[in-house]
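# Structural characterization, general
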Amino acid sequence: MQKRQLGKTGMNVSEIGFGAWGIGGGWGERDDLQAPAALERALELGVNLIDTALAYGEGHSERLVGEVVRSSGQEVYVATKVPPKNRVWPAQKGTPFQDAFPKGYVLECTERSLSHLGLDRIDVQQFHVWDDAWATEDEWAETVRELKDSGMVRPFGISINDHEPENVLAALEPGLVDTVQVIYNIFEQRPEEKLFPACERLGVGVIVRVPLDEGGLTGAITPDTELEPGDWRAETYFAGDRKRQVYERAKALEFLLHDGVETLAEAALRFTLSHPAV
(Lines give C-alpha, C1' and ligand atoms only; values in the text may rest on other atoms or scores of the structure.)
Protein backbone atom coordinates (compact mmCIF):
# COMPACT_ATOMS: atom_id res chain seq x y z
CA MET A 1 0.00 0.00 0.00
CA GLN A 2 1.46 3.32 -1.09
CA LYS A 3 1.00 6.45 1.03
CA ARG A 4 0.77 10.14 0.22
CA GLN A 5 0.78 13.38 2.15
CA LEU A 6 -2.78 14.69 2.50
CA GLY A 7 -2.24 18.28 1.45
CA LYS A 8 -0.57 20.28 4.20
CA THR A 9 -2.19 18.33 7.04
CA GLY A 10 0.98 16.41 7.87
CA MET A 11 -0.94 13.15 7.56
CA ASN A 12 0.71 10.39 5.55
CA VAL A 13 -2.36 8.48 4.38
CA SER A 14 -2.87 5.36 2.31
CA GLU A 15 -3.70 6.02 -1.33
CA ILE A 16 -6.80 3.85 -0.92
CA GLY A 17 -9.11 4.54 2.00
CA PHE A 18 -12.12 2.73 3.43
CA GLY A 19 -15.48 4.35 2.67
CA ALA A 20 -17.76 3.49 5.57
CA TRP A 21 -21.20 4.49 4.30
CA GLY A 22 -22.18 0.93 3.42
CA ILE A 23 -21.51 -0.49 6.88
CA GLY A 24 -23.84 2.10 8.38
CA GLY A 25 -26.76 1.10 6.17
CA GLY A 26 -28.39 2.28 2.97
CA TRP A 27 -26.65 -0.19 0.66
CA GLY A 28 -28.94 -3.15 1.11
CA GLU A 29 -28.79 -5.64 3.95
CA ARG A 30 -26.44 -4.59 6.74
CA ASP A 31 -24.11 -7.17 8.29
CA ASP A 32 -22.66 -6.02 11.60
CA LEU A 33 -20.46 -9.11 11.82
CA GLN A 34 -18.95 -8.76 8.37
CA ALA A 35 -18.38 -5.01 8.68
CA PRO A 36 -15.73 -5.13 11.45
CA ALA A 37 -14.01 -8.00 9.64
CA ALA A 38 -13.86 -5.91 6.47
CA LEU A 39 -12.43 -2.95 8.36
CA GLU A 40 -9.86 -5.12 10.11
CA ARG A 41 -8.80 -6.68 6.82
CA ALA A 42 -8.41 -3.24 5.24
CA LEU A 43 -6.10 -2.19 8.08
CA GLU A 44 -4.10 -5.39 7.68
CA LEU A 45 -3.58 -4.52 4.00
CA GLY A 46 -2.21 -1.08 4.86
CA VAL A 47 -5.27 1.17 4.74
CA ASN A 48 -4.96 3.89 7.37
CA LEU A 49 -7.70 6.32 6.29
CA ILE A 50 -11.37 5.65 7.02
CA ASP A 51 -14.10 8.02 5.88
CA THR A 52 -17.43 7.92 7.70
CA ALA A 53 -20.19 10.38 8.63
CA LEU A 54 -22.64 11.07 11.41
CA ALA A 55 -25.47 10.51 8.92
CA TYR A 56 -24.34 6.99 7.99
CA GLY A 57 -26.84 4.97 9.96
CA GLU A 58 -27.27 7.91 12.36
CA GLY A 59 -23.95 7.17 14.00
CA HIS A 60 -23.92 3.40 13.46
CA SER A 61 -21.02 3.55 11.02
CA GLU A 62 -19.04 5.76 13.40
CA ARG A 63 -19.55 3.30 16.25
CA LEU A 64 -18.32 0.36 14.16
CA VAL A 65 -15.33 2.34 12.93
CA GLY A 66 -14.46 3.47 16.43
CA GLU A 67 -14.54 -0.05 17.84
CA VAL A 68 -12.14 -1.35 15.19
CA VAL A 69 -9.79 1.65 15.32
CA ARG A 70 -9.55 1.59 19.12
CA SER A 71 -8.73 -2.11 19.19
CA SER A 72 -6.30 -2.03 16.25
CA GLY A 73 -3.32 -0.56 18.03
CA GLN A 74 -2.41 1.19 14.78
CA GLU A 75 -2.29 4.82 13.73
CA VAL A 76 -5.50 5.20 11.74
CA TYR A 77 -6.88 8.51 10.51
CA VAL A 78 -10.66 8.87 10.78
CA ALA A 79 -12.56 11.41 8.71
CA THR A 80 -16.22 12.08 9.43
CA LYS A 81 -18.82 14.67 8.47
CA VAL A 82 -21.45 16.99 9.91
CA PRO A 83 -24.80 16.50 8.18
CA PRO A 84 -26.70 19.64 7.16
CA LYS A 85 -29.21 20.60 9.82
CA ASN A 86 -32.00 20.72 7.26
CA ARG A 87 -31.01 17.21 6.02
CA VAL A 88 -31.01 18.30 2.39
CA TRP A 89 -28.45 16.64 0.10
CA PRO A 90 -27.04 18.29 -1.96
CA ALA A 91 -27.14 21.86 -0.70
CA GLN A 92 -29.71 23.84 -2.65
CA LYS A 93 -29.00 27.25 -4.10
CA GLY A 94 -30.47 30.03 -2.01
CA THR A 95 -30.50 28.01 1.22
CA PRO A 96 -29.45 30.22 4.16
CA PHE A 97 -26.25 29.09 5.86
CA GLN A 98 -28.09 28.99 9.20
CA ASP A 99 -30.39 26.28 7.83
CA ALA A 100 -27.42 24.02 7.24
CA PHE A 101 -24.50 24.64 9.61
CA PRO A 102 -25.15 27.05 12.50
CA LYS A 103 -22.22 27.01 14.90
CA GLY A 104 -23.98 25.47 17.90
CA TYR A 105 -25.30 22.65 15.76
CA VAL A 106 -21.88 21.91 14.22
CA LEU A 107 -20.25 21.79 17.66
CA GLU A 108 -23.00 19.49 18.95
CA CYS A 109 -22.63 17.14 15.97
CA THR A 110 -18.87 17.01 16.44
CA GLU A 111 -19.31 16.05 20.08
CA ARG A 112 -21.77 13.32 19.06
CA SER A 113 -19.34 11.95 16.50
CA LEU A 114 -16.55 11.90 19.08
CA SER A 115 -18.83 10.01 21.46
CA HIS A 116 -19.71 7.44 18.79
CA LEU A 117 -16.10 6.98 17.74
CA GLY A 118 -14.77 6.86 21.29
CA LEU A 119 -11.71 8.82 20.19
CA ASP A 120 -10.02 11.89 21.65
CA ARG A 121 -10.26 13.87 18.45
CA ILE A 122 -11.44 13.67 14.85
CA ASP A 123 -8.63 13.61 12.33
CA VAL A 124 -10.67 15.25 9.55
CA GLN A 125 -14.04 16.85 10.24
CA GLN A 126 -16.04 17.91 7.18
CA PHE A 127 -19.20 19.71 6.16
CA HIS A 128 -21.25 17.02 4.39
CA VAL A 129 -22.60 19.44 1.75
CA TRP A 130 -21.61 22.92 0.61
CA ASP A 131 -22.81 25.94 -1.32
CA ASP A 132 -20.04 28.40 -2.14
CA ALA A 133 -22.41 31.29 -1.60
CA TRP A 134 -21.80 30.59 2.10
CA ALA A 135 -18.09 31.41 1.76
CA THR A 136 -18.80 35.06 2.65
CA GLU A 137 -20.48 34.09 5.93
CA ASP A 138 -18.33 34.82 8.99
CA GLU A 139 -19.94 32.10 11.10
CA TRP A 140 -18.56 29.10 9.25
CA ALA A 141 -15.01 30.43 9.57
CA GLU A 142 -15.52 31.12 13.28
CA THR A 143 -16.86 27.61 13.73
CA VAL A 144 -13.88 26.01 12.01
CA ARG A 145 -11.43 28.03 14.09
CA GLU A 146 -13.23 27.12 17.32
CA LEU A 147 -13.25 23.41 16.45
CA LYS A 148 -9.54 23.45 15.73
CA ASP A 149 -8.67 25.54 18.79
CA SER A 150 -10.70 23.23 21.02
CA GLY A 151 -8.65 20.22 19.96
CA MET A 152 -11.77 18.28 18.98
CA VAL A 153 -10.65 18.16 15.36
CA ARG A 154 -7.41 18.41 13.45
CA PRO A 155 -7.87 19.46 9.80
CA PHE A 156 -11.24 20.60 8.52
CA GLY A 157 -12.66 19.83 5.11
CA ILE A 158 -15.63 20.15 2.81
CA SER A 159 -17.41 17.31 1.03
CA ILE A 160 -18.45 18.93 -2.24
CA ASN A 161 -21.90 18.45 -3.76
CA ASP A 162 -22.04 15.66 -6.34
CA HIS A 163 -20.79 16.77 -9.76
CA GLU A 164 -20.20 20.38 -8.64
CA PRO A 165 -16.39 20.44 -8.29
CA GLU A 166 -16.14 24.22 -8.64
CA ASN A 167 -18.74 24.90 -5.94
CA VAL A 168 -16.06 25.29 -3.26
CA LEU A 169 -13.38 27.49 -4.82
CA ALA A 170 -14.25 30.63 -2.85
CA ALA A 171 -14.21 28.74 0.45
CA LEU A 172 -10.67 27.51 -0.21
CA GLU A 173 -9.09 30.95 -0.54
CA PRO A 174 -8.98 32.00 3.17
CA GLY A 175 -6.86 28.93 4.01
CA LEU A 176 -9.16 27.41 6.63
CA VAL A 177 -10.17 24.41 4.52
CA ASP A 178 -7.53 21.68 4.67
CA THR A 179 -9.21 19.00 2.55
CA VAL A 180 -11.92 18.59 -0.05
CA GLN A 181 -13.83 15.46 -0.89
CA VAL A 182 -15.01 15.20 -4.49
CA ILE A 183 -16.30 12.74 -7.07
CA TYR A 184 -13.51 11.93 -9.49
CA ASN A 185 -13.19 8.95 -11.79
CA ILE A 186 -12.68 8.22 -15.46
CA PHE A 187 -16.33 9.12 -16.13
CA GLU A 188 -16.16 12.36 -14.10
CA GLN A 189 -12.97 14.35 -14.77
CA ARG A 190 -14.20 17.91 -14.27
CA PRO A 191 -12.23 18.41 -11.02
CA GLU A 192 -9.10 18.56 -13.21
CA GLU A 193 -10.23 21.85 -14.76
CA LYS A 194 -10.27 24.25 -11.80
CA LEU A 195 -10.52 22.39 -8.48
CA PHE A 196 -7.31 20.37 -8.63
CA PRO A 197 -5.16 23.32 -9.72
CA ALA A 198 -6.59 25.37 -6.82
CA CYS A 199 -5.89 22.55 -4.37
CA GLU A 200 -2.32 22.19 -5.59
CA ARG A 201 -1.76 25.95 -5.31
CA LEU A 202 -3.20 26.19 -1.80
CA GLY A 203 -1.93 22.89 -0.40
CA VAL A 204 -5.44 21.48 0.08
CA GLY A 205 -5.65 17.69 0.35
CA VAL A 206 -7.99 15.82 -1.98
CA ILE A 207 -10.09 12.84 -0.85
CA VAL A 208 -11.66 11.20 -3.89
CA ARG A 209 -15.04 9.55 -3.54
CA VAL A 210 -16.90 7.35 -6.03
CA PRO A 211 -13.66 6.28 -7.79
CA LEU A 212 -15.50 3.20 -9.08
CA ASP A 213 -18.70 5.06 -10.05
CA GLU A 214 -20.78 3.48 -7.26
CA GLY A 215 -19.88 0.03 -8.58
CA GLY A 216 -20.27 0.86 -12.26
CA LEU A 217 -16.49 0.63 -12.81
CA THR A 218 -16.18 -2.77 -11.18
CA GLY A 219 -17.86 -4.50 -14.12
CA ALA A 220 -20.40 -5.95 -11.69
CA ILE A 221 -23.30 -3.77 -12.82
CA THR A 222 -25.14 -5.16 -15.84
CA PRO A 223 -28.57 -4.36 -17.31
CA ASP A 224 -29.94 -7.36 -15.36
CA THR A 225 -28.38 -6.53 -12.00
CA GLU A 226 -30.92 -6.61 -9.17
CA LEU A 227 -29.88 -4.42 -6.25
CA GLU A 228 -30.89 -5.45 -2.74
CA PRO A 229 -33.91 -3.87 -1.07
CA GLY A 230 -32.80 -0.77 0.78
CA ASP A 231 -29.95 0.00 -1.62
CA TRP A 232 -30.28 3.72 -2.35
CA ARG A 233 -28.76 3.28 -5.81
CA ALA A 234 -31.81 1.36 -7.03
CA GLU A 235 -34.05 4.43 -6.94
CA THR A 236 -31.48 7.08 -7.85
CA TYR A 237 -28.03 6.29 -9.19
CA PHE A 238 -28.98 3.27 -11.28
CA ALA A 239 -32.61 4.13 -11.88
CA GLY A 240 -34.26 3.88 -15.26
CA ASP A 241 -31.98 2.81 -18.10
CA ARG A 242 -28.77 3.82 -16.36
CA LYS A 243 -27.60 0.27 -15.56
CA ARG A 244 -27.44 -0.47 -19.28
CA GLN A 245 -25.72 2.83 -20.01
CA VAL A 246 -23.11 2.28 -17.29
CA TYR A 247 -22.52 -1.30 -18.40
CA GLU A 248 -21.92 -0.26 -22.01
CA ARG A 249 -19.58 2.55 -20.96
CA ALA A 250 -17.63 0.21 -18.70
CA LYS A 251 -17.29 -2.38 -21.45
CA ALA A 252 -15.96 0.31 -23.77
CA LEU A 253 -13.15 1.00 -21.29
CA GLU A 254 -11.57 -2.43 -21.55
CA PHE A 255 -8.82 -0.85 -23.65
CA LEU A 256 -7.52 0.60 -20.36
CA LEU A 257 -6.57 -2.82 -19.02
CA HIS A 258 -2.83 -3.16 -18.64
CA ASP A 259 -1.47 -6.15 -20.57
CA GLY A 260 -4.60 -8.11 -19.75
CA VAL A 261 -3.56 -8.60 -16.12
CA GLU A 262 -5.84 -6.00 -14.55
CA THR A 263 -9.51 -5.99 -13.77
CA LEU A 264 -11.58 -3.00 -14.86
CA ALA A 265 -11.70 -1.83 -11.22
CA GLU A 266 -7.90 -1.91 -10.98
CA ALA A 267 -7.56 0.05 -14.20
CA ALA A 268 -10.09 2.61 -12.96
CA LEU A 269 -8.20 3.04 -9.69
CA ARG A 270 -4.91 3.36 -11.57
CA PHE A 271 -6.44 6.19 -13.58
CA THR A 272 -7.66 8.01 -10.45
CA LEU A 273 -4.39 7.63 -8.56
CA SER A 274 -2.36 8.84 -11.53
CA HIS A 275 -3.40 12.44 -10.93
CA PRO A 276 -0.86 14.26 -8.73
CA ALA A 277 -3.52 16.24 -6.87
CA VAL A 278 -5.24 13.13 -5.51
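A short tour of the structure in this document, coming up. (Residues numbered from 1 in each chain as written. Predicted model: local features only at pLDDT ≥ 70, side-chain atom pairs only at ≥ 80, totals over all residues. Heavy atoms only, no water.)

Omega for the peptide link from Trp89 to Pro90 comes to -10 degrees, which places this bond in the cis form. Following the sequence through the fold, Pro90 ends up in the loop between strand 5 (77-82) and helix 3 (97-100). Here Val210, not a glycine, exhibits a phi torsion of approximately 60 degrees, which is positive. Looking at where Val210 falls in the secondary structure, it is placed in the loop between strand 9 (205-209) and helix 8 (242-252). (Helix = DSSP H or I, 4+ residues; strand = E, 2+ residues; numbered from the N terminus.)

Attention shifts here to the layout of surface pockets. Taken as a whole, the second largest pocket encloses approximately 160 Å³ of empty space. Lining the second largest pocket we find Val69, Glu75, Val76, Tyr77, Gly118, Leu119, Asp120, Arg121, Asp123 and Arg154. Its residues assigned to classes, the lining of the second largest pocket shows four nonpolar, one polar and five charged. (1 Å grid on protein atoms, 1.4 Å probe; cavity = no way out; pocket = protein on both sides within 12 Å on 5 of 7 lines; lining within 4 Å. Points joined across faces, edges and corners; volume = space filled by probe spheres on them. Nonpolar A, V, L, I, M, F, W, Y, C, P; charged D, E, K, R; others polar.)

Attention shifts here to the nonpolar core. Judged by nonpolar contacts, the single largest core of 66 residues is most densely connected at Trp130, Trp140 and Val180. Here this core takes six residues from helix 4 (residues 103-117), the largest share from any one element. In this structure, Trp140 is in contact with Phe97, Phe127, Trp130, Trp134, Ala135, Ala171, Leu176 and Val177, ignoring residues within four places of it in sequence. One finds Met11, Tyr77, Ala79 and Val124 within the second-largest nonpolar core, a separate group that totals eight residues. (Core = buried A, V, L, I, M, F, W, Y, C linked by side-chain atoms within 4.5 Å. Buried < 20%, exposed > 50% of the residue type's maximum accessible area, 1.4 Å probe, protein only. Contact = heavy atoms within 4.5 Å.)

Further remarks concern the packing of aromatic side chains. Within the structure shown, the criterion is met by 16 aromatic pairs. With centroids separated by 5.0 Å and ring planes inclined at 15 degrees, the aromatic side chains of Trp21 and Trp232 adopt a geometry described as stacked. A residue pair is termed long-range when its members are at least 10 positions apart, and Trp21 in the loop between strand 3 (18-19) and helix 1 (34-44) and Trp232 in the loop between strand 9 and helix 8 qualify at 211 residues. These aromatic residues form a ring-pair network of at least three members: Phe97, Phe101, Phe127, Trp130, Trp134, Trp140 and Phe156. (Phe/Tyr/Trp six-rings, centres within 6.5 Å; stacked < 30°, edge-to-face > 60°.)

The topology assignment puts Glu75 in the loop between helix 2 (60-72) and strand 5. Since its relative accessible area comes to 59%, Glu75 is described here as exposed. Taking the C-alpha atoms as reference, Glu75 lies 42 Å from Asp224; in sequence the two are 149 residues apart. Separated by 3.4 Å, the side chains of Glu75 and Tyr77 make a polar contact. (Polar contact = N/O pair within 3.5 Å; in protein donor to acceptor, adjacent residues only side chain to side chain.)

For the rest of this paragraph, the subject is the pairing of strand 6 (residues 124-127). On any regular strand, side chains alternate: one points to one face of the sheet, the next to the other face. Side-chain alternation along strand 6 places Val124 and Gln126 on one buried face and Gln125 and Phe127 on a second face that is also buried. Bridge count for strand 5 against strand 6 is four bridges, and the pairing is parallel. Bridge assignment links Ala79 to a residue of strand 6, and that residue is Val124. Where strand 6 and strand 7 (residues 156-159) come together, three bridges link them in parallel fashion. Opposite Gln126, over in strand 7, you have Gly157 as the bridge partner. What joins strand 6 to strand 7 is helix 5 (residues 138-150), and the crossover it makes is right-handed. (Pairing = 2+ DSSP bridges. Right-handed = clockwise from strand over helix to strand, strands pointing away.)

In this section: helix 4. In a regular helix each residue adds 1.5 Å, so 15 residues correspond to 21 Å; helix 4 covers 21 Å between its end C-alpha atoms and thus fits that length. Looking at the buried residues of helix 4, the elements they touch are helix 2, strand 5, helix 3, strand 6 and helix 5. Looking one or two residues past helix 4, Gly118 carries a phi angle of roughly 70 degrees, positive in sign. (Expected span 1.5 Å × (residues − 1).)

All right, on to the packing of helix 4 against helix 5 then. Helix packing for two helices is described by the angle between their axes and how far apart those axes are. Running from N to C, helix 4 and helix 5 point in directions that differ by 30 degrees, and their axes come no closer than 9 Å. Taken together, the axes of helix 4 and helix 5 are roughly parallel relative to one another. Crossing angle aside, the handedness with which helix 4 passes helix 5 is right-handed. Packed against helix 4, whose contacting residues are Lys103, Val106, Leu107 and Thr110, the element helix 5 presents Glu139, Thr143, Glu146 and Leu147 at the interface. Split into classes, the residues belonging to the contact of helix 4 with helix 5 amount to three nonpolar, two polar and three charged. (Axes fitted to C-alpha atoms, helices over the stretch in contact; angles between N-to-C directions. Parallel < 35°, antiparallel > 145°, perpendicular 65-115°, else oblique. Left-handed = near helix turned anticlockwise from the far one by under 90°.)

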